[in-house]
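An overview of the molecular structure
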Amino acid sequence: MITQRPGYGTEGKAFVAVSNFRTIRLKSGFRVDICSVAFDPPLPEDTPGQRVKIIEHNKEEVIKNAGAQDLICTGGNVYLLNAPEERAGQEIKLTDLKLKHTKAKDGGEEVNDGDELKEGSYTVILKAKRELRITDERLLNEEQRMYFNLLVNRALRDCNLQQIGRHHYDTNAKIKVDCSPPLSLIPGYFTSMQVVQGGLALMSDVKHRIIQNVTAAEVMNSIMQTNNAGAEPKDKQKFLLEEGMKGKVIITNHGQQSNLYRIEGVEMELNIDSTFERREGPISYRDYFKQQYNMTLENAKMPMLKATRRKRDIFLPPEICYMTGLTDALKSNFQIMTAISKHTRMLPNARFKKGNQILEKLTTDTSDNAQKAQKVLNDWCIEMSTENLECEGRQVEKKKVRVMTTENDLAAVENNQGDNAGQEVNYNRVNFPHLIQRGVVGFQGPPGFQRWVVVHHARDEGLLSPLMDAIGEQLQMKGIRGQKPKSIAINSTRGEDFKNDMLRELKQLNARPDIILLILPRQNADRIYAAVKTEFCTEQMACPTQCIRADTLQKKGAQAAAKLFDQMICKQGGFLWGLNAHQSCPTMCVGIDLNTTGGRTVASFAASYNYSFTKYFSYSVWVKSREDAAEPFAMFLKRALDHFKDNFEFAKGPVQGEAKRFPARIIIYRDGVSEAAKQLLRDFEIKALLQMFSELDAEWAKEVELAYVMINKMIHQRFAIRATAEMLQSRGGRGGGRGPTLKEGELTNAQPLTIFDTGVTAEDKFDFFISHQEVTQGSVTPT
């Protein structure tokens, strides 16, 4: 039985929408058996590529002996198509399977098939473990989903596309980017089998990989020079090089077509004069590339790069490898990013047309490679629609954001009268900053400016007087009492020295300041900023800090001071604006976000504890993985609930005495995880929370309302709506983008707060997609 969702939304104005899904229909009369495979002589379990080679070399014989129509080997399993049912569970023993070394082209690179294997005969034993039964296309387990993705990936390889991770790239269709330095783009695609309301569907989206005109050798030389590592021991050189290169994707052009590799490491003991074994005997990398590709390698001191292809280690000379992706310097270049965006930020009409190219290869294209791909799907009884799946989009009413400028406004929100409280933000006129600068009641919450410090370099003494005048005006305008700050001048410009001098001066104060304003000097500003933030955010001297560059302060003056003042208010616990959200009962909103960098994952938590959702109790901790947050989250939420009970605030002030209690409703917004990990969250994370609730207060745990909302932002689903006359009139005929004028019925971006749920979500899940922003370029990415 499928767990049915209670229904789909009906609120809002409906539009006809198009998705980047193509429905999949399974033809009747096919049978798939999953077989285990064993080899004699035995092969290592971690070498699926070698197993695949033996099966593929003898594919016709294996199919004949198994009585099947076709097979797919993954190394660990063999999928047999329409094998006789009476042979289920029987062993199929094939002896004397030949493995003969022949030269083949693997993406233009010579591969000696089975170099790691002994030439000769192998015995292969296949045994059907179970039949892959698909009783309902609307409810697939992970094994069945993997099977369909396996078939699609095989078909895409027959389309001559290269796979890197989950993406497939057409390396023969490079696009030149008109910029300096010159860059190129490789078009690619992301595909995934999805279960939607009507059954199976294949999703496809457009991806691009950027190729730089810089070799890996140049980058490695730059790393060595920057760190003065020429005379360092090899182990330190290896550490520095791998820190800068490991995980990067490179592209080589030494074969008939370009090849993409992900760098796994740097081999300091290998260079182009090192040798490797071939059937004809040992040969150096220098001679191999000269004989095979007529390429002359010159840098004999440069270590080799290590990559992996089909579980096989590959060593590449850095001088033939070109870097892909964008560096920080390229990202900060406006002209380069503008030139790239002309190709990557496509309006819905262009994006859907481009994305459908890969689907057309699998359905209607008549080229040789496309015909091979279509035969794979047809043989395995998969039929794909030639049209994109249509669905319904509903634009719900916009919620108003109002700036609370009096205490009565906040009280009105509490009494469910927030629609008329405060001043409404007019996004068309962008009057939000002006409303804030005129005065917001939220400013009355923080300690203010009674005990604060300004730290600056001695050369920036002249900036203090106009800055203090501007902040004084802000204090007077908003009715906040303030004292003159303590001024500390520092002479050093080195990061650590600046921080140490600053700490020494602060320790001489009578009390810890409420906030520190730091004017960053013109020299070494980034290093000073990093040193100060590390000390005051993670070390023993915990104190709010606000930084501003001396250059910025000198150029913008009072304008910078006003924004600086607002940020200092927020960092002291104040707030600038509030939503007109009414709480029918004391409610806690909880956010969980996880970020992985440098192989480590940090989990951050925040929980509200006032009626207007503007004050939060927060915590962060290192965890093993994005899915391993159950125990620290339960620990955090217990602390947050205790803090909520003791500190919850209404507009009239904190709750007192017996009125203090735990929230009646908890809404949790959790950073998304993969489909495979969602069951783990249900089994461990949510279970740990419910157990903690019971241990905290058994009676309250029975009554509290809990909503657990998982949010996936980095998704590939795309939606567009067919433009109506009314819509085009409100958008000036351009559909929300800067592209050509649209006609009625053509695809355009959905308007903000448009929800998609009917037809594009599974019936056993309670999910939906929402287009939540207005864009002026490209296509909207839903959440």
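What you are looking at is a predicted structure, and each value in this text was computed from that prediction instead of being measured.

**A look at the sheet that holds strand β32 (residues 600-608)**
Pairing within the open sheet is mixed, and its five strands lie in the order β33-β32-β31-β36-β37. One side of each edge strand has no neighbouring strand; the edge strands of this open sheet are β33 (616-623) and β37 (705-711). If you compare each strand with its neighbour and ignore which way they point, the axes differ by 15° on average. For strand β31 (residues 587-597) and strand β36 (residues 665-671), the ladder comprises six bridges, and the chain directions are parallel. In the strand pairing of β36, Cys589 is matched with Ile667. Packing of helix α18 (residues 630-647) onto the sheet brings it into contact with β31, β32, β33 and β36, and relative to β33 it is tilted by some 165°.

**Description of the packing of helix α14 (residues 495-506) against helix α15 (residues 525-538)**
For the pair α14 and α15, interaxial distance at closest approach is 8 Å and the crossing angle is 45°. Between α14 and α15, the angle falls in the class oblique. For α14 against α15, the interelement crossing comes out right-handed. Two secondary-structure elements touch here, α14 through Gly495, Glu496, Phe498, Lys499, Met502, Leu503 and Leu506 and α15 through Arg527, Ile528, Ala531, Val532, Glu535 and Phe536. Taken together, the residues of the contact of α14 with α15 break down into eight nonpolar, one polar and four charged.

**Re the confidence of the model for the protein**
Predicted coordinates in regions of low pLDDT should not be interpreted in detail. Of all residues in the protein, 83% have pLDDT values of 70 or greater, and the mean over the chain is 79. Per-element confidence in the protein ranges from a low mean pLDDT of 41 for strand β8 (residues 109-112) to a high of 91 for helix α20 (residues 698-703). Taken together, the stretch residues 427-432 has pLDDT below 50 and engages in seven contacts with residues farther than four places along the chain or on a different chain. Between residues 435-444, whose pLDDT stays under 50, and residues either more than four places distant or in other chains, the model counts 33 contacts.

**Quick word on the sheet that holds strand β27 (residues 486-490)**
Spatially, four strands are ordered β27-β26-β28-β29 in an open sheet, and the strand pairing comes out parallel. Each end of this open sheet is capped by a strand with a single partner; those strands are β27 and β29 (545-549). With direction set aside, neighbouring strand axes in the sheet form an average angle of 20°. Across the sheet, α14 lies against β26 (452-457), β27 and β28 (515-520), angled at about 145° from β27, the strand it touches most.

**Topic: the environment of Val206**
Residue position: Val206 is located in strand β14 (residues 199-215). On the basis of relative accessible area, Val206 is assigned to the buried category, the value being 5%. It is 6.9 Å that separates the C-alpha atoms of Val206 and Lys354, two residues lying 148 residues apart in sequence. Apart from residues no more than four positions distant in its own chain, Val206 is found in contact with Gly188, Met346, Arg351, Lys354 and Gly355.

**As for the packing of helix α4 (residues 216-226) against helix α5 (residues 234-245)**
Where α4 meets α5, the closest approach of the two axes is 10 Å, and the angle between their N-to-C directions is 125°. The angle between the axes of α4 and α5 places the two elements in the oblique class. When you trace α4 past α5, the crossing you get is right-handed. Residues Ala216, Val219, Met220, Ile223 and Met224 of α4 form the contact with α5, whose own contacting residues are Gln237, Leu240, Leu241, Gly244 and Met245. Counted by class, the contact of α4 with α5 contains eight nonpolar, two polar and no charged residues.

**Points about the nonpolar core**
In this structure, Tyr147, Phe148, Leu200, Leu202, Leu362 and Trp380 are the most contacted members of the largest nonpolar core, which totals 32 residues. Sorting elements by how many residues they give to this core places helix α3 (residues 142-158) first, with six residues. When residues no more than four places from it in sequence are discounted, the contact partners of Phe148 are Leu26, Ile134, Leu140, Met193, Leu200 and Ile382.

**Observations regarding the side chain of Ser608**
Counting through the fold element by element, Ser608 comes out in strand β32. Judged by its relative accessible area of 1%, Ser608 is buried. Within the structure, the side chain of Ser608 is placed 2.9 Å from the backbone nitrogen of Cys589, a separation counted as a polar contact. Discounting chain neighbours no more than four positions away, the residues touching Ser608 are Thr587, Met588, Cys589, Phe613, Lys615, Tyr616 and Phe644.

**Structural notes on the environment of Ile488**
Secondary-structure assignment places Ile488 in strand β27. Sequence separation between Ile488 and Leu506 is 18 residues; the distance between their C-alpha atoms is 8.6 Å. Excluding residues that lie within four positions of it along the chain, Ile488 makes contacts with Val453, Val454, Val455, His456, Glu505 and Leu506.

**Description of the pattern of salt bridges**
The final tally for this structure, using the stated rule, is 28 salt bridges. Note that Arg286 is salt-bridged to Asp273, the shortest N-O span being 2.8 Å. With a gap of 13 residues between them, Arg286 in helix α6 (residues 285-293) and Asp273 in the loop between β16 (259-267) and β17 (275-278) connect regions that are remote in the sequence. Among the charged side chains, a salt-bridge network with shared partners connects Arg31, Asp33 and Glu131.

**Quick look at the environment of Ile336**
Among the structural elements, Ile336 can be located in helix α8 (residues 334-344). Taking the C-alpha atoms as reference points, Ile336 and Asp178, separated by 158 residues in sequence, lie 8.3 Å from one another. Once you skip the residues sitting within four places of it in the chain, Ile336 turns out to touch Cys179, Ser180, Pro181, Leu183 and Leu330.

**With respect to the packing of aromatic side chains**
Applying the stated criterion across every chain, the model contains 18 aromatic pairs. Taken together, a centroid distance of 5.1 Å and an interplanar angle of 20° make the contact between Phe605 and Phe636 stacked. You can see Phe605 sitting in strand β32 and its partner Phe636 sitting in helix α18, a full 31 residues away along the chain. Of the residues examined, Phe605 reaches a relative accessible area of 2% and is grouped as buried. Ring centres of Phe719 and Phe769 lie 5.2 Å apart, and the angle between their planes is 50°; on these two criteria the pair is classed as tilted. Placement of Phe719 in strand β38 (residues 719-722) and of Phe769 in strand β41 (residues 769-771) is noted, with a sequence separation of 50 residues between them. Look at Phe769 and you get buried, because its relative accessible area is 10%. Here the aromatic cluster, defined as three or more aromatic residues joined through ring pairs, consists of Phe276, Tyr285, Tyr288, Phe289 and Tyr293.

**A few points about the pairing of β38**
The pairing of strand β1 (residues 13-19) with β38 spans three bridges and is antiparallel. Bridge pairing in β38 places Ala17 opposite Ile721. One ladder, built from two bridges, connects β38 with strand β39 (residues 747-748); its direction is antiparallel. Across the sheet, residue Arg722 finds its bridge partner in β39, namely Leu747.

**Quick look at the pairing of strand β13 (residues 183-196)**
Buried residues dominate β13, accounting for 14 of its 14 residues. Neither face of β13 is open: one carries Leu183, Leu185, Pro187, Tyr189, Thr191, Met193 and Val195, the other Ser184, Ile186, Gly188, Phe190, Ser192, Gln194 and Val196, and all of them are buried. Bridge count between strand β11 (residues 167-169) and β13: three bridges; the pairing is antiparallel. If you follow His168 over to β13, its bridge partner there is Tyr189. Across three bridges, the pairing between strand β12 (residues 175-177) and β13 is antiparallel.

**What about the side chain of Ser184?**
Summarising the element assignment, Ser184 is placed in strand β13. Beyond its immediate chain neighbours, meaning those up to four positions away, Ser184 contacts Ile175, Lys176, Val177, Arg209, Ile210 and Ile211.

**Some words on unusual backbone geometry**
With omega at 0°, the peptide bond leading from Ser180 into Pro181 counts as cis. Mapped onto the elements, Pro181 comes out in the loop between β12 and β13. Phi at Asn160 is positive, roughly 70°, even though this residue is not glycine. The residue Leu753 is not glycine, and still its phi comes out positive at about 65°. Inspection of the secondary structure puts Leu753 in the loop between β39 and β40 (754-756). Taking relative accessible area as the criterion, Leu753 reaches 24% and is therefore assigned partly exposed.

Here is what the cut-offs are and how they apply
Residues numbered from 1 in each chain as written. Predicted model: local features only at pLDDT ≥ 70, side-chain atom pairs only at ≥ 80, totals over all residues. Heavy atoms only, no water. Pairing = 2+ DSSP bridges. Helix = DSSP H or I, 4+ residues; strand = E, 2+ residues; numbered from the N terminus. Axes fitted to C-alpha atoms, helices over the stretch in contact; angles between N-to-C directions. Contact = heavy atoms within 4.5 Å. Parallel < 35°, antiparallel > 145°, perpendicular 65-115°, else oblique. Left-handed = near helix turned anticlockwise from the far one by under 90°. Nonpolar A, V, L, I, M, F, W, Y, C, P; charged D, E, K, R; others polar. pLDDT = per-residue confidence, 0-100. Buried < 20%, exposed > 50% of the residue type's maximum accessible area, 1.4 Å probe, protein only. Core = buried A, V, L, I, M, F, W, Y, C linked by side-chain atoms within 4.5 Å. Polar contact = N/O pair within 3.5 Å; in protein donor to acceptor, adjacent residues only side chain to side chain. Salt bridge = Lys/Arg side-chain N within 4 Å of Asp/Glu carboxyl O. Phe/Tyr/Trp six-rings, centres within 6.5 Å; stacked < 30°, edge-to-face > 60°.

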